[in-house]
Amino acid sequence: MPKDDDIDKATGGATVQSLEFRLGAFGAAIPLLFFVIWAITISVLQLSSEVGLVLGAIMGLTLGLFFSKSKWEDYAQGLFDGLAQPVGVIAIVAWFYAGMFAQVLQVGGLVEGLVWVGSITGLSGGLFVAMTFLLSATFSTAVGTGYGTVVAFSTLMYPSGIAVGADPLFMFAAILAGAVFGDNLAPVSDTTIVSAVTQDADVPGVVRSRFKYSIAAAIPTFLLFAIFGGGGGVQGDQAAIGSMAESISPDGLIMLVPFSLVLFLALRGHHLLTSLTWGIVFAIALIAILNIKPLTQILNFNPESDMIVEGALVSGITSYFNMAVLILLIVAASHLLKLGGTMEVITGAMIKWIKNSVRKAEIAMWSIVALLNSAITINTAAEIAAAPFVRELGTRYKIHRYRRANMLDAITSALGYIFPWGAPVLLGWSTIQSMQEQYEWLPVVNPTAVFPFVFQGWFLVIIMLIAALTGWGLRYEGKNGDG
């Protein structure tokens, strides 16, 4: 076992309190700036991936080394101190549990169950689009993964909707809008977890406080989809409708029970990991008792596989490996901003403009989050990059931690599913494209055409701007309130 002094030698010694950089505060920002520019570039080139973002973060941190006027050993120690920040570790562990829960629910057939609900209603055209939004929102809230919702519903609900006369553009937009709703509101969503832990807030309290914003956006979204979502070109195509019916079943609706349990426990104040653990155990028990799927789909040892261990539990963890590395690297880059005085310089400049105006402070937070999310296509990565600025400004003006988390998450969840270069938009587009081999009649919507109609996203962005301008929902630290 290595001794403590051996570890100190390997990491450089005691915690670093400050660093000096060439170009001053700007030099300390080089690692994060390089990452942002890298993220924008690969996004524009449509080469965005989590692994690519990890590489960009590592390259940025390495580049920062050459701008350090302090000893390289001190820079390295400051980097390690950043990697050890609790916010990154907490988010990663929460992601792993949330990922396992989401995968178990999918094995239990929750997607197919929700699609079955839509199919038996007999809805068509715009009403089917509105129903799709509700089901997509329900599913994404249950499993906490907007990306998974986009893939699942693009695979099943999109062709079903086209078959019953839904407009392709609005159908795709409804799926994205539902993913926005759940990504913003779900207690097990990665953006919910990051927005809470980076602002020192508890997840249940954050979820309760943001419900009013989510619903205020969802009501007009539902109505607009119902009114304008019809007009598709293959209405009443019985062959198309029949091909959909083969893959859906009501059996998976039983998975709403463990989802409800997790939601109930989380909102009652139980720790998120405790709530998720009970949800995972209960969901697996239901799958086993009701013989919904073989338990080998939950956990399986396969010596012939490269992974050896397979199944939903493994997939739930491994799906977050790249993002886990990325959050640690970005938290480290943000820590270098603090050590190099960049955070102090930026917040100082903002304070000169803000002065004593809490309204301007919230407008500044809204602008920072919107800017970074417009540039970085992985919404969680953008949220992590923006979080230190939101925390610094919010703390200085004593804005309630729930309010800060909501300002951070609503905009992040919204813009990630709006812009044509956004990863989930491109993911849904490629998923629909791949299904044309199975359904030749299936139209493909261009990402540049859908972004104005992701109503839930746009309404959330506008609502949070109005909240910043008017003070709606504003609370301060030290006072009871929902933020």
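This section reports on the structure supplied with the text. What you see is a predicted model, and the numbers here were worked out from it, not measured in a lab.

On to the overall build of the protein chain. The number of helices and strands found in the protein chain is 24 helices and two strands. Relative to its 483 residues, the protein chain shows a buried fraction of 55%. In the protein chain, the proportion of contacts linking residues at least 24 apart, taken out of those at least 6 apart, comes to 79%. Looking at the protein chain as shown, the accessible area adds up to about 19900 Å², and 65% of this sits on carbon and sulfur atoms.

With their axes 9 Å apart at the nearest point, helix α4 (residues 50–65) and helix α17 (residues 321–339) run at an angle of 25° to one another. In terms of axis orientation, α4 runs roughly parallel to α17. Crossing geometry of α4 relative to α17 is assigned as left-handed. Within the contact between the two elements, α4 uses Glu50, Val51, Leu53, Val54, Ala57, Ile58 and Leu61 and α17 uses Asn322, Met323, Val325, Leu326, Leu329, Ala333 and Leu336.

Moving on, we come to the packing of aromatic side chains. A full pass over the atoms with the stated rule returns 12 aromatic pairs. Centroid distance phenylalanine 170 to phenylalanine 455: 6.3 Å. Interplanar angle 35°. Geometry classified as tilted. Placement of the pair is phenylalanine 170 in helix α10 (residues 168–185) and phenylalanine 455 in helix α24 (residues 455–470), with a sequence separation of 285 residues. The burial state of phenylalanine 170 is the same as that of phenylalanine 455; both residues are buried. Considering the side-chain rings of phenylalanine 453 and phenylalanine 455, the 6.3 Å spacing of their centres and the 85° angle between planes classify their relative orientation as edge-to-face.

Counting across every chain of the model gives five salt bridges. As a salt-bridge pair, aspartate 409 and arginine 210 come within 2.8 Å of each other at their nearest N and O atoms. With aspartate 409 in helix α21 (residues 401–415) and arginine 210 in helix α12 (residues 203–228), the pair connects residues that are 199 residues apart, well separated along the chain. The exposure class of arginine 210 is buried, given its relative accessible area of 1%. Where glutamate 362 meets arginine 403, a salt bridge forms, and the shortest distance between an N and an O atom there is 2.7 Å.

Here we come to unusual backbone geometry. The phi angle at asparagine 291 is positive, at roughly 55°, despite the residue not being glycine. Mapped onto the secondary structure, asparagine 291 falls in the loop between α15 (272–289) and β1 (300–301). A relative accessible area of 61% means that asparagine 291 is categorised as exposed. With phi around 55°, lysine 355 is a residue other than glycine that occupies positive phi space. With respect to the helices and strands, the residue lysine 355 is situated in the loop between α18 (342–354) and α19 (358–375).

It is worth spelling out α4 at this point. Spanning 16 residues, α4 covers 23 Å between terminal C-alpha atoms, matching the ideal 22 Å at 1.5 Å per step. By the burial criterion, the buried members of α4 are Gly52, Leu53, Val54, Gly56, Ala57, Gly60, Leu61, Gly64 and Leu65.

So, about the environment of alanine 385. Topologically, alanine 385 is positioned in helix α20 (residues 379–396). Between the C-alpha atom of alanine 385 and that of alanine 333, which follows or precedes it by 52 residues, the distance is 8.7 Å.

Moving on, we come to the packing of helix α9 (residues 146–163) against helix α22 (residues 423–434). The interhelical angle for the contact between α9 and α22, taken along N-to-C directions, is 30°, at an axis separation of 9 Å. In terms of axis orientation, α9 runs roughly parallel to α22. Crossing of α9 against α22: the hand is right-handed. Residues Tyr147, Val150, Val151, Ser154, Thr155 and Tyr158 of α9 touch α22, and the partners they reach there are Ala423, Pro424, Leu427, Gly428, Thr431 and Ile432. Class assignment for the residues of the contact of α9 with α22 results in eight nonpolar, four polar and no charged.

Taking 1.5 Å as the rise per residue, α20 with 18 residues should run 26 Å; its terminal C-alpha atoms sit 25 Å apart, in good agreement. A bend of about 35° at alanine 386 is the largest found in α20, and the proline proline 388 appears one to four places after it. Looking one or two residues past α20, lysine 398 carries a phi angle of roughly 55°, positive in sign.

If you trace the backbone, glutamate 383 turns up in helix α20. As a buried residue without a salt bridge, glutamate 383 has its nearest oppositely charged side chain in arginine 210, at a separation of 6.4 Å. Ignoring any residue separated from it by four or fewer positions in sequence, one finds glutamate 383 in contact with Asp190, Thr191, Val194, Ser195, Leu408, Asp409 and Thr412.

Moving on, we get to the environment of leucine 156. Tracing the backbone through its elements, the reader meets leucine 156 in helix α9. Between the C-alpha atoms of leucine 156 and valine 115, which are 41 residues apart in sequence, the distance is 7.3 Å.

Let us look at the side chain of serine 413. Mapped onto the elements, serine 413 comes out in helix α21. Overall, the relative accessible area of 0% leaves serine 413 in the buried class. Engagement of the side chain of serine 413 in a polar contact is seen with the side chain of threonine 191, the distance being 3.4 Å. Every residue in contact with serine 413, bar those within four places of it in the chain, is listed here: Val180, Asp183, Asn184 and Thr191.

Rules used in this analysis
Residues numbered from 1 in each chain as written. Predicted model: local features only at pLDDT ≥ 70, side-chain atom pairs only at ≥ 80, totals over all residues. Heavy atoms only, no water. Helix = DSSP H or I, 4+ residues; strand = E, 2+ residues; numbered from the N terminus. Buried < 20%, exposed > 50% of the residue type's maximum accessible area, 1.4 Å probe, protein only. Contact = heavy atoms within 4.5 Å. Areas by Shrake-Rupley, 256 points an atom, 1.4 Å probe, with all protein chains shown as cover. Axes fitted to C-alpha atoms, helices over the stretch in contact; angles between N-to-C directions. Parallel < 35°, antiparallel > 145°, perpendicular 65-115°, else oblique. Left-handed = near helix turned anticlockwise from the far one by under 90°. Phe/Tyr/Trp six-rings, centres within 6.5 Å; stacked < 30°, edge-to-face > 60°. Salt bridge = Lys/Arg side-chain N within 4 Å of Asp/Glu carboxyl O. Expected span 1.5 Å × (residues − 1). Nonpolar A, V, L, I, M, F, W, Y, C, P; charged D, E, K, R; others polar. Bend = angle between axes of the 7 residues up to and from the residue. Lys, Arg positive; Asp, Glu negative; His and termini not counted. Polar contact = N/O pair within 3.5 Å; in protein donor to acceptor, adjacent residues only side chain to side chain.

That is the geometry; function is a separate question.
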